[in-house]
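A closer look at the structure
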Amino acid sequence: MTVPFNWSLALPEIVLSVCGLLILVIGVFQRKNASGLLCTGLAVAAFVATAVLVLGAPSGVGYRGTFVSDDFARFAKLLALTGAALSVILSLDYNGRQKVDRFEFPVLILFSTVGTMLMASSENLMTLYVGLELQSLAIYILCAFARDEVTSSEAGLKYFVLGSLASGLLLYGISLVYGFAGTMEYGGLRAALSDNAPVPAGLVIGIVFVFVGLAFKLSAAPFHMWTPDVYQGAPTSVTAFMAGAPKVAAFALLLRIMAGPFGHLAPQWQMLVELVAICTMILGALAAIPQTNIKRLMAYSSIGHMGYAMIGVAVGTEAGVRGTLVYLATYLFMTVGVFACIMAMRRNGRPLDRISDLSGLSRTHPLLALTMGIFMFSMAGVPPFSGFFGKLMVFAAAVQSGLWTLAVIGVVTSMIGLYYYWRVVKVMYFDAPEPAFDRGARPVGAVAGAMGLVTALFLLVLGPVTGAAQAAAAVLFR
Amino acid sequence: MITQITFYLFATILVLCAGMVVSARNPVHAVLFLILGFFNAAGLFLIAGAEFLAMILVIVYVGAVAVLFLFVVMMLDVNFNQLREGLQRYAPVGAAIGVALLAELIFTVGRLKLVPGVQEPTLPGPQISNTEALGRLIYTDYVLLFQACGLVLLVAMIGAIVLTLRDRPSARRQNISLQHARLPADTMEMMQLEVGAGTDALGGFIRPRDGYGATAEPIDARALPARRSDEKLGA
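Chain B appears in an unreviewed UniProt entry as NADH-quinone oxidoreductase subunit J from Endosaccharibacter trunci. Word for word, the UniProt comment on chain B under Catalytic activity (unreviewed entry) is "a quinone + NADH + 5 H(+)(in) = a quinol + NAD(+) + 4 H(+)(out)". The UniProt entry for chain B carries the following comment under Sequence similarities (unreviewed entry): "Belongs to the complex I subunit 6 family."

An unreviewed UniProt entry lists chain A under the name NADH-quinone oxidoreductase subunit N, with Endosaccharibacter trunci given as the organism. The heading Sequence similarities (unreviewed entry) in the UniProt record of chain A holds the text "Belongs to the complex I subunit 2 family." Among the UniProt annotations of chain A, the heading Catalytic activity (unreviewed entry) holds the following wording: "a quinone + NADH + 5 H(+)(in) = a quinol + NAD(+) + 4 H(+)(out)".

1. Quick look at the overall build of chain B
Looking only at helices and strands, one finds nine helices and zero strands in chain B. In sequence order, the secondary structure elements of chain B are arranged as α-α-α-α-α-α-α-α-α. Counting every position in chain B, which comprises 235 residues, the buried fraction comes to 19%. Restricting the contact set of chain B to residue pairs at least 6 apart, pairs at least 24 apart contribute 62%. On chain B, roughly 18,100 Å² of surface is accessible, and the fraction owed to carbon and sulfur atoms is 67%.

2. Digging into helix H7 (residues 143-164) of chain B
The terminal C-alpha atoms of H7(B), which comprises 22 residues, lie 32 Å apart, in line with the 32 Å expected from a rise of 1.5 Å per residue. Those residues of H7(B) that sit buried are B:Val143, B:Leu144, B:Leu145, B:Ala148, B:Leu151, B:Val152, B:Leu154, B:Val155, B:Ile158, B:Gly159 and B:Val162. Residues of H7(B) that are buried sit in contact with helix H1 (11-29), strand S2 (67-69), helix H4 (104-120) and helix H5 (125-143) of chain A together with helix H6 (130-141) of chain B.

3. Regarding the packing of H1(A) against H4(A)
Residues and elements named next belong to chain A. Two elements in contact, H1 and H4, have axes separated by 9 Å at closest approach and are oriented at 165°. Considering the angle they form, H1 stands roughly antiparallel to H4. The handedness of the crossing between H1 and H4 is left-handed. When H1 is examined against H4, the residues Pro12, Glu13, Leu16, Ser17, Gly20, Leu21, Ile23 and Leu24 are found in contact with a partner set consisting of Val107, Leu110, Phe111, Thr113, Val114, Met117 and Leu118.

4. Observations concerning the interface of chain B and chain A
Contacts between the two partners involve 34 residues from chain B and, on the opposite side, 46 residues from chain A. Across the chain B to chain A interface the summed buried area is about 3,300 Å²; carbon plus sulfur atoms make up 75%. Put simply, chain B and chain A have one salt bridge between them. A salt bridge links A:Arg64 to B:Asp141, with the nearest nitrogen and oxygen atoms 3.1 Å apart. Across the chain B-chain A interface, the total number found is four residue pairs in polar contact (both at pLDDT 80 or more). Contributions of two or more residues to the side of chain B that touches chain A are made by helix H5 (87-110), H6 and H7 of chain B. Ranked by residues supplied to the side of chain B that touches chain A, first place goes to H7(B) with 16 residues. Taken together, the residues of the side of chain B that touches chain A sort by class into 24 nonpolar, four polar and six charged.

5. Describing the side chain of A:Lys295
All names here are of chain A. Mapped onto the secondary structure, Lys295 falls in helix H13 (residues 294-315). One buried charge, Lys295, has no salt-bridge partner; the nearest side chain with opposite charge is Asp353, at 4.8 Å. Looking at Lys295, its side chain comes within polar contact range of the main-chain oxygen of Gln232, at 3.2 Å. Dropping the residues within four chain positions of it, Lys295 is found in contact with Tyr231, Gln232, Ala234, Pro235, Thr236, Thr239, Phe339, Ile342 and Asp353.

6. Considering the confidence of the model for chain B
All names here are of chain B. In this model, chain B carries a mean pLDDT of 79, and residues with pLDDT of at least 70 account for 78%. Of all the helices and strands in chain B, helix H4 (residues 80-83) carries the lowest mean pLDDT, 72, while H7 carries the highest, 93. Segment residues 226-235: pLDDT under 50, and 10 contacts once partners within four positions in sequence are set aside and those in other chains are kept. In the predicted complex, the global pTM is 0.86; the interface-specific ipTM is 0.91.

7. Considerations on the pattern of salt bridges
Residues and elements named next belong to chain A. The tally for this structure, following the rule as stated, stands at 13 salt bridges over all chains. Arg102 is the salt-bridge partner of Glu104, the closest N and O atoms lying 3.8 Å from each other. Residue Glu104 is classed as buried on the basis of its relative accessible area, which comes to 7%. Accessibility expressed as a relative area gives 26% for Arg102, which makes it partly exposed. Of the charged contacts in the structure, one is a salt bridge between Glu434 and Arg347, with a shortest N-O distance of 3.3 Å.

8. As for the packing of aromatic side chains
All names here are of chain A. Under the counting rule described, the total for this entry stands at 18 aromatic pairs over all chains. Taking 6.2 Å as the distance between ring centres and 40° as the angle between the ring planes, the aromatic pair formed by Phe377 and Trp422 counts as tilted. Here Phe377 is found in helix H16 (residues 366-380), whereas its partner Trp422 is found in helix H18 (residues 404-430), with 45 residues between them in sequence. For Phe377, a relative accessible area of 23% puts it in the partly exposed group. In textbook terms, an aromatic cluster arises when at least three aromatic residues are bridged by ring pairs, as seen for Tyr140, Tyr159, Phe160, Phe216 and Trp226.

9. As for unusual backbone geometry
All names here are of chain A. Unlike most non-glycine residues, Arg64 shows phi in positive territory, near 50°. Looking at the element boundaries, Arg64 is found in the loop between strand S1 (60-62) and S2. Among the residues examined, Arg64 registers a relative accessible area of 25% and is labelled partly exposed.

10. Some points on the side chain of A:Thr183
One can find A:Thr183 in the loop between helix H6 (150-181) and helix H7 (186-193). A polar contact is formed between the side chain of A:Thr183 and the backbone nitrogen of A:Glu185, at a distance of 3.1 Å.

11. Topic: the UniProt feature "transmembrane region" (unreviewed entry) in chain B
Residue and element names in this part refer to chain B. The residues that UniProt annotates with the feature "transmembrane region" (unreviewed entry) are residues 6-24, 31-50, 56-78, 90-110 and 144-165. Summarising residues 90-110: 100% helix, 0% strand, and an end-to-end C-alpha distance of 30 Å. Taken end to end, residues 144-165 comprises 95% helix and 0% strand; its first and last C-alpha atoms sit 31 Å apart.

12. A word on a nonpolar patch on the surface
All names here are of chain B. On the surface, Leu46, Met55, Ile56, Ile59, Val60 and Tyr61 cluster together to form a nonpolar patch covering roughly 510 Å² of accessible area. Take the nonpolar patch: its biggest share by element is five residues, from helix H3 (residues 51-75). Looking at the element boundaries, Leu46 is found in helix H2 (residues 27-47). Note on Leu46: relative accessible area 44%, which makes it partly exposed.

13. Re the environment of A:Thr413
Residues and elements named next belong to chain A. As for its position among the elements, Thr413 is in helix H18. You can call Thr413 buried: its relative accessible area is 3%. Considered as a pair, Thr413 and Leu286 are 127 residues apart in the sequence and their alpha carbons are 8.2 Å apart. Non-local contacts of Thr413, meaning those with residues more than four positions away in its chain, are made with Met281, Ile282, Ala285 and Tyr308.

14. Here we look at the packing of H4(A) against H7(B)
Helix packing for two helices is described by the angle between their axes and how far apart those axes are. Here H4(A) crosses H7(B) at 155°, and the two axes come no closer than 11 Å. Considering their axes alone, H4(A) and H7(B) lie roughly antiparallel with respect to each other. The chirality of how H4(A) crosses H7(B) is left-handed. Along its contact with H4(A), which presents A:Glu104, A:Val107, A:Leu108, A:Phe111, A:Val114 and A:Leu118, the element H7(B) presents B:Leu144, B:Ala148, B:Leu151, B:Leu154, B:Val155, B:Ile158 and B:Val162. A class-by-class count of the residues in the contact of H4(A) with H7(B) yields 12 nonpolar, no polar and one charged.

Thresholds applied
Residues numbered from 1 in each chain as written. Chains lettered and ligands numbered in written order. Predicted model: local features only at pLDDT ≥ 70, side-chain atom pairs only at ≥ 80, totals over all residues. Heavy atoms only, no water. UniProt positions renumbered as here; feature names shortened; annotations may be inferred. Helix = DSSP H or I, 4+ residues; strand = E, 2+ residues; numbered from the N terminus. Buried < 20%, exposed > 50% of the residue type's maximum accessible area, 1.4 Å probe, protein only. Contact = heavy atoms within 4.5 Å. Areas by Shrake-Rupley, 256 points an atom, 1.4 Å probe, with all protein chains shown as cover. Expected span 1.5 Å × (residues − 1). Axes fitted to C-alpha atoms, helices over the stretch in contact; angles between N-to-C directions. Parallel < 35°, antiparallel > 145°, perpendicular 65-115°, else oblique. Left-handed = near helix turned anticlockwise from the far one by under 90°. Buried area = accessible area lost by both parts, 1.4 Å probe. Salt bridge = Lys/Arg side-chain N within 4 Å of Asp/Glu carboxyl O. Polar contact = N/O pair within 3.5 Å; in protein donor to acceptor, adjacent residues only side chain to side chain. Nonpolar A, V, L, I, M, F, W, Y, C, P; charged D, E, K, R; others polar. Lys, Arg positive; Asp, Glu negative; His and termini not counted. pLDDT = per-residue confidence, 0-100. Phe/Tyr/Trp six-rings, centres within 6.5 Å; stacked < 30°, edge-to-face > 60°. Patch = residues over 30% accessible without salt bridge, like charges linked within 9 Å, V, L, I, M, F, W, Y side chains within 5 Å.

Put into structure tokens, the structure is as follows:
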């Protein structure tokens, strides 16, 4: 027991949790009709403070091998905090207009982010599970937040039931792994599995179950059924959050355990991950074509993106992990931006979500149309925009490792994807204009514009982001 | 010997109970069998020397979860026969999944072989009860996870409140300043009654003139449900 406990490693998580508790108390004691502004502002401040702490956090393993802080965790945490802060800012106006501006909203997003950070820092399968549950439980509640709308309640219930099933599978997998390897610490697992002795079949089954549980959270292809309904039914402010930060965290987790403790078993699981990635890419491309609802379209688009990002996991090399991390960074900014644009779609006080509602947007709201167009082209992977670089990196990693099938299918599905993204742009620029939208709120416009700038000028920050991703990826392969 | 007999006793009853839980026609019986099953599982834990888990099983599962089930079954008007409708259609799928899981279990247990180099977990000495041993672990080594579990429960609590608490503006809450400002004259009325006249002859009970319908927040009178007819008597 001479290993130091390293309390200070989890300082960002502790600070964020305490802030969450304080905001909860403030929210309970504020006046009945007070707007959500105070709690939202405090939550954003908490996110910023935590991000500063994350930047300065020391590296190391603490809490008796249940928690790790390294470059990889910091990268994922910063992305998650950014996504959460942006979606909290976006939610303020939307929730106010939808009459769901209760103070619990930012508090739940905050606790969900604490779970996300725990996941990113997990060094033990138990931390993984607890973090995942904390994150998911908050999101189940958020999905049903507009409780007077039947679609929102349906989304919450559906996600909850299917999510519990996935948690069960994950837990079953974890127990199998623990039963056969005798430890849940990643370091111990890695050491136990690095021997060349044959691996027990039960352990492989356990790994498959763990992978399936995480693939569900990522909405990868055979486990994607919940995604369109939940994305469409949940309030847009919640969809904007759950499409961003939690996906990043689940991916961080997947990368960490697949490349870390189970890295030596890559030949055993690589085929499975490849298959899932291929299914996900194809489904994301084909199922999105007939959609008429922009939120459903974004759900399928997000499924497709998860498929591309999973190529990096399947490759299982440092270049692959780096590609996935860069992909996730670009994906996060694009997604937040697109949902900011969707939130601006509102006529006579009612939110709109059909693609045809965007008709002639270029004449009524030229700036909004331009921003939306940038996101669409970026998601399709058209060169000067950020989405291109993410795709390029994962495809290049696949080609380097000789996984030509993955790269070729990825390029083909990107081409198909271009069709449905282009359709949105066509509706905005070439169809007869519909009446103008309501005047949008300033924060929503600002976030959409800022994300548009990041997406369009990603080339300028490509160097630093890739460098950070490289440093993060290197940690996993030490 | 006696241990084995008790083990088989508990185990047999447990398996029978589990069968009854899914096959019992009356849902209340199913929940009661579930409770009996929990007790037997607790017995098995006791035999294995895990007295803490046994007590937790009884307290949490029997005391809280199963009773909650019972409440739900008895209070909610769920038509269980309707729920059973698809049984025959879905039975093959369920059976297939069950067989697959069973095959996996047999497969893994049959070739039970740990990863080489795994140490057997060391048991705490007899001087430490396993409640104490668990307590030492969760409050020291695993304190981070323990606190995170606390947050999970807090989020669940927030969720229950967010999703169900309805702030009804028509609720009649205690309004302390109004109560303090009350005078006898506001609420009492001295009447001169004729001899022999009953309540009916006088038009029924007199209701308070004002303050009777006072609500927590001023509300739109049209939004209120119509008063019952007997309340009009005093007006």
